[in-house]
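So the chains spell out like this:
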Amino acid sequence: MAEEKPRQFVGSTEFKKGLEGAITNESSISYVDGANGKLIYRGYSIDDLCQGGGGYEETAYLLIDGELPKRAQLEAFKKDLAGRRAIPQPVKDLITQIAPNTHPMNTLRTAVSMLGCLNPKEFEVTVENDLDIAMSLTAQIPTIVGATQRVRRGESIIDPDPSRSLSEDFMHMMTGKDPDPRTAEVMDMALIIHAEHGMNASTFSAMVTNSSLTDLYSSICAGIGSLKGPLHGGANEATLKTFTEIGDPATTEEWFSAAKAKKQKVMGFGHRVYRAYDPRAVIFDPVAKEFAERAGTGHLYEIAKKLEALVVADLGGKGIFPNVDFFSGVIYNAMGIDTDMFTPIFAVARIAGWSARILEYLPDNRLFRPRAVYVGDLEAQYVPIDER
Ligand code: ACO
């Protein structure tokens with residue numbers, strides 16, 4: 001057995017892998033009530049925001065500004081965002097060049113980086129300038145993602161139409177078609193429920209990056225990079241791939257037994273904070289049924305429900321339940337959206353949460369700088385290279 005090294009620099013706080021339970025800051029932006037399966041943005045439940053009729057823009061305003069907008073404020077905010085949706089030609093050229101051969105999250109990260117290169121005020125780190133950049137990115141990320149989907153399908157890029165709402169225009173820029181009212185409503189709801197979620201990995205990555213007082217583009221690129229991973233936002237793609245791999249509802253049990261035997265995690269289940277059903281999965285479940293039936297992909301929903309029953313029976317006692325990524329893929333798939341585009345849709349929404357958190361932290365910024373417990377040698381003898 002390897003000799004156990006003395007542990008150095010333990011510090012005064014309890015160490016848990018993955019910063020479990022660690023507190024990073026104080027915030028009034030959102031509350032993830034993990035025990036009761038509730039998600040609150042600035043005091044309002046996501047259910048009320050989804051049903052309220054104010055759309056994604058209302059939620060983005062609420063998250064960034066802190067209050068629900070009055071009608072005139074919302075109209076002004078929508079107009080401001082709509083006027084910022086266009087992306088410069090060099091960014092369109094970049095998307096045309098890279099989108100066919102890389103993952104759309106890479107295209108998004110690179111395009112956001114290029115927007116920074118094109119902004120002469122990139123390095124002006126003030127709340128005012130960062131708010132201006134945040135507004136532009138909230139408006140432009142849907143345009144980048146829409147263009148990416150088009151280029152990947154060999155289609156021409158569609159310019160934004162400021163007369164549409166953000167989610168309608170996003171759908172139009174992706175598909176070239178006007179979404180039917182129900183599809184537009186569901187996409188809007190999807191953006192609302194993905195807009196913010198506490199101190200998750202991508203938000204934390206963006207905040208850590210920004211805490212060095214670097215430019216906001218760099219921080220958002222860090223967030224995009226983190227969101228892409230399969231343990232975080234990338235799970236929505238992985239979940240649909242699982243359903244497709246299972247293929248037939250009748251083979252779900254067999255698939256799950258094999259996954260268990262391999263100690264494989266089932267994508268779309270589990271969460272660091274929720275020990276109950278993720279409220280976003282609760283909202284999405286009936287919508288996934290409706291959209292799958294409508295699109296003739298009911299077997300995917302049936303597989304999802306069978307898998308849910310098996311996993312919850314086996315692991316529900318440990319607090320493992322479906323998370324937001326479990327049903328979203330079935331819905332986007334039924335809308336005709338490519339699987340690789342699911343995580344970018346998450347980013348279209350989450351830019352509001354990333355921005356709100358960064359803007360909240362900036363006025364009283366303090367560099368994030370945790371420590372690790374050192375378990376290595378302390379007195380190793382240096383050996384010259386030829387004598388090793
Ligand atoms: N399938 C099977 N078992 C699971 C799953 C899962 N999806 N998730 C957790 N577990 C089990 C683990 O094996 C572990 O069991 P053990 O105690 O017997 O070793 C226990 O539950 C705790 O799991 P951890 O991985 O330690 O939990 P952690 O809080 O670190 O991870 C995470 C949370 C990453 C979300 C995890 O549940 C997971 O990998 N899920 C699958 C990926 C996924 O769906 N991610 C999306 C999350 S939502 C979002 O980011 C938008």
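The coordinates are above.
Structure report, in brief. (Residues numbered from 1 in each chain as written. Predicted model: local features only at pLDDT ≥ 70, side-chain atom pairs only at ≥ 80, totals over all residues. Heavy atoms only, no water.)

## Regarding the environment of Leu310
With respect to the helices and strands, Leu310 occurs in helix 14 (residues 298-315). Overall, the relative accessible area of 22% leaves Leu310 in the partly exposed class. Leu310 sits 62 residues away from Asp248 along the chain, and the two C-alpha atoms are 15 Å apart. For Leu310, the contacting residues outside a window of four places in its chain are Thr252, Glu253 and Phe256. (Helix = DSSP H or I, 4+ residues; strand = E, 2+ residues; numbered from the N terminus. Buried < 20%, exposed > 50% of the residue type's maximum accessible area, 1.4 Å probe, protein only. Contact = heavy atoms within 4.5 Å.)

## Section: the environment of Gly83
Examined against the element boundaries, Gly83 turns out to sit in helix 3 (residues 71-83). Gly83 gets classed as exposed once you look at its relative accessible area, which sits at 64%.

## Quick word on the nonpolar core
Counting 101 residues, the largest nonpolar core has Tyr56, Val112, Ile220 and Leu307 as its most contacted members. With 13 residues, the top contributor of residues to this core is helix 16 (residues 342-361). Counting contributing residues per domain, this core is built from domain 1 (30-230 + 339-364) and domain 2 (235-334), each supplying no fewer than three. (Core = buried A, V, L, I, M, F, W, Y, C linked by side-chain atoms within 4.5 Å. Domains from an automatic or database assignment.)

## Section: the packing of helix 6 (residues 127-152) against helix 16
Contact geometry for helix 6 and helix 16: axes closest at 9 Å, N-to-C directions at 175°. Viewed along their axes, helix 6 and helix 16 adopt a mutual orientation that is roughly antiparallel. Contacts between helix 6 and helix 16 pair Val127, Asp130, Leu131, Ala134, Leu137, Thr138, Ile141, Pro142 and Val145 from the former with Pro344, Ala347, Val348, Ile351, Ser355 and Leu359 from the latter. Looking at the contact of helix 6 with helix 16 residue by residue, the class counts come to 12 nonpolar, 2 polar and 1 charged. (Axes fitted to C-alpha atoms, helices over the stretch in contact; angles between N-to-C directions. Parallel < 35°, antiparallel > 145°, perpendicular 65-115°, else oblique. Nonpolar A, V, L, I, M, F, W, Y, C, P; charged D, E, K, R; others polar.)

## A look at the packing of aromatic side chains
Evaluated as defined, the whole model comprises 9 aromatic pairs. Between Phe269 and Phe326, the ring centres sit 4.6 Å apart and the planes meet at 55°, which makes this aromatic pair tilted. Here Phe269, found in the loop between helix 12 (252-261) and helix 13 (279-295), pairs with Phe326, found in helix 15 (residues 325-334); they are 57 residues apart in sequence, far enough to count as distant. For the pair Phe269 and Phe326, a shared accessibility class is recorded, and that class is buried. Aromatic side chains Tyr361 and Phe368 sit 4.9 Å apart centroid to centroid with 10° between the ring planes, which places their arrangement in the stacked category. When sorted by exposure, Tyr361 lands in the same class as Phe368, which is buried. Pairwise contacts between aromatic rings join Phe243, Phe269, Tyr301, Phe326 and Phe327 into one cluster. (Phe/Tyr/Trp six-rings, centres within 6.5 Å; stacked < 30°, edge-to-face > 60°.)

## Focus: the site of the ligand
In the neighbourhood of the ligand, 19 residues make up the surrounding shell, with His232, Lys265, Val266, Arg272 and Lys318 lying closest. A distance of 2.8 Å is found between an oxygen atom of the ligand and a backbone nitrogen or oxygen belonging to Gly268. Lys318 is positioned with one of its side-chain polar atoms (N or O) 2.7 Å from an oxygen atom of the ligand. When the free accessible area of the ligand is taken as 920 Å², the share hidden by the protein chains comes to 69%. The class makeup of the residues in the shell around the ligand is 10 nonpolar, 5 polar and 4 charged. (Near = heavy atom within 4 Å. Polar contact = N/O pair within 3.5 Å; in protein donor to acceptor, adjacent residues only side chain to side chain. Areas by Shrake-Rupley, 256 points an atom, 1.4 Å probe, with all protein chains shown as cover.)

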